[in-house]
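Examination of the molecular architecture
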Amino acid sequence: MNTQQAQRRHIDAILRYADDGSPPESPGSELIGRSWTRCLRDYGLDPSRPRSARIVTQQTLREHQDSVDEFLSVARAGVEQLYGMIARLGYVLLLTDHRGITVQYLGDQRSDRRLRKAGLYLGADWSEPYAGTCAVGTCIQENQALTCHRIDHFDATHIGLTCTSAPIRDPSGKLLAVLDISALDSPQARHSQTFALHLTQLYARMIEDAYFLRRYRNQTVFRCDASREFVQVNGQYLFAIDDEGGIGAANTAGRSLLDGRPETGDGASLTQLFDCRLRDIWSIPYDQDDQVRAFRLRQSGETLFAALIQPRAPVPTTAGKPREHSEDVVPELDRLAADDPVMRRTLGLAKRLRNRDVGLLILGETGTGKEVLARAIHAASHRSRGAFVAINCAAIPESLIESELFGYVAGAFTGARARGMRGLIQQADGGTLFLDEIGDMPLPLQTRLLRVLAEGEILPIGADRPVRVNCRVIAATHQDLGERIAHGQFREDLYYRLNGATLRLPPLRRRADRPHVIRSVLDTLVAQGRLSAVRLRADAMSALLAYDWPGNIRQLVNALAFAEATCEGGEITANDLPEECVSGCLPPADDGPAGDESPLRRALRAEQGNISAVARRFGVSRPTVYRWLAREGIALRRLPG
Ligand SMILES: Nc1ncnc2c1ncn2[C@@H]1O[C@H](COP(=O)(O)OP(=O)(O)OP(=O)(O)O)[C@@H](O)[C@H]1O
């Protein structure tokens with residue numbers, strides 16, 4: 001039978017199946033039948049009109065590749081290794097994204113034209129609604145590995161092919177990609193592909209696990225397996241855990257152990273899964289030969305052997321340099337806080353990481369000093385002689401942001417400067433790039449930024465060659481990036497790339513070292529020549545301490561500038577402060593009889609000196625009432641009775 005006859009026969013078989021559900025001559029499985037039904041009923045594909053392969057445009061391909069950029073860089077080694085094994089057997093290798101677009105391809109260039117025609121090519125669309133029943137598309141729909149062998153395919157042009165695909169899932173269990181190996185000229189026998197199926201599944205799992213380990217490289221990973229010998233080489237179950245043994249994420253095999261256990265749903269911990277105590281887990285040594293311990297699964301009683309994978313320490317940039325410690329004296333950072341526990345932790349971390357090239361993410365409400373902290377880290381680092389380039393991602397218009405960040409070469413577009421322009425990222429070469437309001441960066445730009453961070457090079461607009469840049473990146477935001485990721489507004493892989501460590505800045509109202517902040521902000525403003533030297537009287541200080549500072553340190557700067565401009569005699573009193581800062585510090589005026597007695601005294605008399613009752617009456621806290629008492633000079637023992 002020649003090809004045309006075989007195709008005709010295949011079309012007839014599918015038409016018969018459509019008419020009366022007669023099973024195909026050599027059904028691959030029930031799963032193939034389900035897919036044929038979807039092709040006929042759901043996608044309206046016509047078996048008598050075979051479709052040619054669809055290769056998406058370069059631009060579209062780029063977008064699909066960008067959406068799995070970090071994954072592709074992790075997968076590369078595994079994909080190449082697998083291709084090395086199968087190439088001589090006449091197979092090509094395809095890696096598609098979760099929509100079935102081929103984002104990576106390895107094949108024999110000598111058969112380029114034939115492969116392209118068959119859709120075994122970079123950019124080919126193997127989604128089931130377009131290509132009909134096929135290994136990739138059906139794997140996506142059925143969420144399982146399969147071989148689509150010859151006449152299992154829906155489209156008659158594919159019946160010479162044998163294709164085997166396995167799903168690759170992200171750590172949340174969502175389909176991330178599909179690994180496929182296919183051959184143009186396949187042997188007739190279906191069982192010839194059994195080995196292909198096992199091999200593809202094995203590599204899909206290895207790539208999935210490599211991606212899992214990359215994603216959780218900054219966390220301890222508990223790895224276990226039924227085999228003591230294999231646990232460290234290729235342990236099946238992976239769990240990213242916190243200090244309390246809480247399971248933050250699990251790979252596909254690990255999730256299968258958690259499935260169906262009500263007590264190990266959200267917030268599951270290893271001590272619920274295994275019959276063990278927390279100290280048994282942490283007693284597994286990280287760095288010694290005998291690193292494996294046995295644990296019994298609570299539900300099945302099965303024994304698994306476990307090892308711990310240590311969180312990756314940030315890589316020092318200068319070999320042999322002594323380690324930085326959080327107790328080191330670093331004046332640039334030390335001046336930012338006194339005795340506040342959150343700030344102490346933040347600055348300790350900043351000291352330890354100041355000379356490491358890990359991405360830092362600074363979180364804090366607006367005006368808490370995120371840029372000030374970023375500048376201090378730069379000044380305290382060995383990059384201090386390089387430039388500190390700050391970019392407010394929310395403030396640059398979207399149309400300009402690309403040329404501002406990446407620069408352009410001469411004549412790149414109409415209106416460009418004759419000599420081209422160095423972009424901001426390039427200006428930060430050797431120094432620090434501070435990306436403020438990173439949560440507001442438009443998605444397409446996030447993709448390009450991710451590439452800069454991953455590859456350490458930029459491509460200016462109009463340039464044909466990338467330029468290497470070596471800068472430390474510190475990002476900041478007041479937004480909840482987790483929420484933006486959940487809404488598809490922020491790239492998760494970029495988040496992980498930026499967030500080597502998180503530095504938190506508390507709001508001013510929560511800082512225990514507010515007196516230090518107030519004094520040091522005033523001193524800084526005076527030292528910078530922005531204010532003339534003034535003294536802060538005690539009543540002004542207590543008003544500033546009592547206020548809750550919704551605009552944080554920025555608002556404090558403005559309040560001090562206002563007070564300095566209005567005060568007399570070089571001394572700021574509570575009366576010189578902006579009204580909003582003091583109104584909370586004064587008992588409100590009431591409608592009672594006018595006279596010498598203040599509203600506070602009147603209230604105290606009415607409540608017979610009961611401070612809690614006075615506080616309730618004014619709707620404020622008891623400490624506020626005590627502050628009012630101090631302001632009015634009312635001693636408690638002299639309270640009106
Ligand atoms: N420790 C400090 N000492 C003196 N001034 C400070 C300090 N921290 C912040 N400031 C001042 O407060 C203002 C706000 O600081 P900064 O711009 O760093 O805050 P931010 O958190 O980055 O704000 P946004 O979220 O709006 O970008 C600036 O004028 C800055 O100079």
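None of these values were measured; they are calculated from a predicted model. (Residues numbered from 1 in each chain as written. Predicted model: local features only at pLDDT ≥ 70, side-chain atom pairs only at ≥ 80, totals over all residues. Heavy atoms only, no water.)

Turning to the pairing of strand β15 (residues 432–436), a few remarks are in order. For β15, the tally of buried residues reaches five of five residues, placing the bulk of the element in the interior. Covered by surrounding structure in β15 are T432, F434 and D436 together with L433 and L435, the residues of both alternating faces. One ladder, built from five bridges, connects strand β12 (residues 388–392) with β15; its direction is parallel. What sits directly across from N392, in β15, is D436. Both β15 and strand β18 (residues 472–477) contribute to a ladder of four bridges, which runs parallel. Within β18, the position partnered with T432 by the bridge is R472. (Buried < 20%, exposed > 50% of the residue type's maximum accessible area, 1.4 Å probe, protein only. Helix = DSSP H or I, 4+ residues; strand = E, 2+ residues; numbered from the N terminus. Pairing = 2+ DSSP bridges.)

This model, assessed by the stated rule, comprises 11 aromatic pairs. Geometrically, the ring pair formed by F388 and F434 is stacked, given 5.9 Å between the ring centres and 25° between the ring planes. Here F388 is found in strand β12, whereas its partner F434 is found in strand β15, with 46 residues between them in sequence. The exposure classification of F388 matches that of F434, with both residues buried. Arranged with centres 4.7 Å apart and planes meeting at 85°, the rings of Y547 and W549 form a pair that is edge-to-face. The pair formed by Y547 and W549 is uniform in burial state, with each residue classed as buried. Connected via pairs of aromatic rings, a cluster forms that spans F222, F239, F274 and F295. It is R54 that lies over the ring of Y130; its NZ or CZ is 5.4 Å from the centre. The ring of F406 has R448 lying over it, and the distance from NZ or CZ to the ring centre is 4.0 Å. (Phe/Tyr/Trp six-rings, centres within 6.5 Å; stacked < 30°, edge-to-face > 60°. Lys NZ or Arg CZ within 6 Å of the ring centre and 35° of its normal.)

Next up on the list: the site of the ligand. Taken together, 16 residues lie around the ligand, and T366, K370, V372, D436 and R554 are the ones closest in. T368 is positioned such that a nitrogen or oxygen atom in its backbone is 3.2 Å from an oxygen atom of the ligand. One of the side-chain N or O atoms of K370 is found 2.7 Å from an oxygen atom in the ligand. Contact with the protein chains hides 84% of the accessible area of the ligand, taken as 630 Å² for the molecule alone. Contributions of two or more residues to the shell around the ligand are made by α15 (370–379), α21 (514–527) and α23 (552–566). (Near = heavy atom within 4 Å. Polar contact = N/O pair within 3.5 Å; in protein donor to acceptor, adjacent residues only side chain to side chain. Areas by Shrake-Rupley, 256 points an atom, 1.4 Å probe, with all protein chains shown as cover.)

One finds I391, L405, I425, L433, L435 and I438 to be the most contacted residues of the largest nonpolar core, which totals 30 residues. Counting residues per element, this core draws most heavily on helix α18 (residues 443–455), at four residues. If we skip the residues at most four places from it in the chain, L433 touches V389, I391, L424, I425, A428, C471, R472, V473 and I474. Counting 29 residues, the second-largest nonpolar core is a separate cluster that includes L31, C39, V92 and A135. (Core = buried A, V, L, I, M, F, W, Y, C linked by side-chain atoms within 4.5 Å. Contact = heavy atoms within 4.5 Å.)

Bringing the pattern of salt bridges into the picture now. Inspection of every chain in the model, using the stated rule, returns 24 salt bridges. Put simply, E70 and R214 hold a salt bridge, and the shortest N to O gap is 3.0 Å. Here the residue E70 occupies a position in helix α4 (residues 69–86), and R214 occupies one in helix α8 (residues 194–215), the gap between them amounting to 144 residues. By relative accessible area, which is 3% here, E70 ends up buried. Among the ionic pairs, D280 bridges to R277, the shortest N-O distance being 3.0 Å. By relative accessible area, D280 is classed as partly exposed at 22%. On the basis of relative accessible area, R277 is assigned to the partly exposed category, the value being 45%. (Salt bridge = Lys/Arg side-chain N within 4 Å of Asp/Glu carboxyl O.)

Put simply, helix α2 (residues 30–42) and helix α7 (residues 135–142) touch, their axes get as near as 11 Å, and they point 95° apart. Between α2 and α7, the angle is such that the two are roughly perpendicular. Facing L31, R34, S35 and R38 of α2, the residues of α7 in contact are T138, Q141 and E142. Of the residues assigned to the contact of α2 with α7, the class counts are one nonpolar, three polar and three charged. (Axes fitted to C-alpha atoms, helices over the stretch in contact; angles between N-to-C directions. Parallel < 35°, antiparallel > 145°, perpendicular 65-115°, else oblique. Nonpolar A, V, L, I, M, F, W, Y, C, P; charged D, E, K, R; others polar.)

A sheet is described by the order of its strands in space; here five strands give the open sequence β12-β15-β18-β11-β19, paired in parallel fashion. Either end of the sheet is taken by a strand with one partner, and the two such strands are β12 and β19 (501–504). Direction aside, neighbouring strands of the sheet carry axes that sit 20° apart on average.

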